[in-house]
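Remarks on the overall topology
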Amino acid sequence: DNNNIDDGTTTNHESKNDDANSWTPVIIRGDPVGCYAAVRQILPLVDYSHDRHVVLEIPVHRAKHNTLVGKGGITTAALSATYETRIMIPPNTPRVLCL
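Residues numbered from 1 in each chain as written. Predicted model: local features only at pLDDT ≥ 70, side-chain atom pairs only at ≥ 80, totals over all residues. Heavy atoms only, no water.

Let's talk about the overall build of the chain
Along the chain, the regular secondary structure elements total three helices and two strands. When the helices and strands of the chain are placed in sequence order, the string is β-β-α-α-α. Relative to its 99 residues, the chain shows a buried fraction of 7%. The long-range share in the chain, meaning contacts at least 24 apart out of those at least 6 apart in sequence, stands at 31%. Summing over all exposed atoms, the chain offers an accessible surface of approximately 9200 Å²; the carbon and sulfur share of this is 56%. (Helix = DSSP H or I, 4+ residues; strand = E, 2+ residues; numbered from the N terminus. Buried < 20%, exposed > 50% of the residue type's maximum accessible area, 1.4 Å probe, protein only. Contact = heavy atoms within 4.5 Å. Areas by Shrake-Rupley, 256 points an atom, 1.4 Å probe, with all protein chains shown as cover.)

Printed below as a string of structure tokens:
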């Protein structure tokens, strides 16, 4: 199959069962708008028969975690339900393991 990326480049992507070593993550770093645009261009190339999950790690300042979670977790729960995703936010206070 030939897949076109909007900038006019063409890539050949063979859809066959490759071994595990043929799969590598693509890391996108930059400003949020640019990263989002890049993801929208790359996702059509993803072969979901290998792994249906995409992991995005977004740095959010701890001061904004409460806003993201919402009262009683309502904001995160709504986002998760609406977009059928799992959103994990670390606790604001570090946990100490006592042995």
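A closer look at the side chain of serine 80
Structurally, the position occupied by serine 80 is in helix H3 (residues 74-83). Once residues within four sequence positions are removed from consideration, serine 80 is found in contact with Thr85, Arg86 and Ile87.

A closer look at the environment of threonine 85
Relative to the helices and strands, threonine 85 is located in the segment after H3. Excluding its chain neighbours within four sequence positions, the residues that come into contact with threonine 85 are Leu79 and Ser80.

With respect to the side chain of threonine 76
With respect to the helices, strands and loops of the structure, threonine 76 is situated in helix H3. In this view, threonine 76 contacts Leu68, Val69, Ile87 and Ile89; residues no more than four positions away in its chain are not counted.

Describing the environment of isoleucine 89
Along the chain, isoleucine 89 falls in the segment after H3. Not counting the four nearest positions on each side in its chain, isoleucine 89 is found in contact with His65, Leu68, Val69 and Thr76.

Details of the confidence of the model for the chain
Per-chain confidence: the chain averages 76 in pLDDT, with 67% of residues scoring 70 or above. Looking at the elements of the chain, mean pLDDT is at its lowest for strand E2 (residues 10-12), recorded as 46, and at its highest for H3, recorded as 93. Between residues 9-13, whose pLDDT stays under 50, and residues either more than four places distant or in other chains, the model counts 15 contacts. (pLDDT = per-residue confidence, 0-100.)

Quick notes on unusual backbone geometry
Phi is positive for glutamate 84, which is not a glycine, with a value near 50°. Relative to the helices and strands, glutamate 84 is located in the segment after H3. The class for glutamate 84 is exposed, based on a relative accessible area of 76%.

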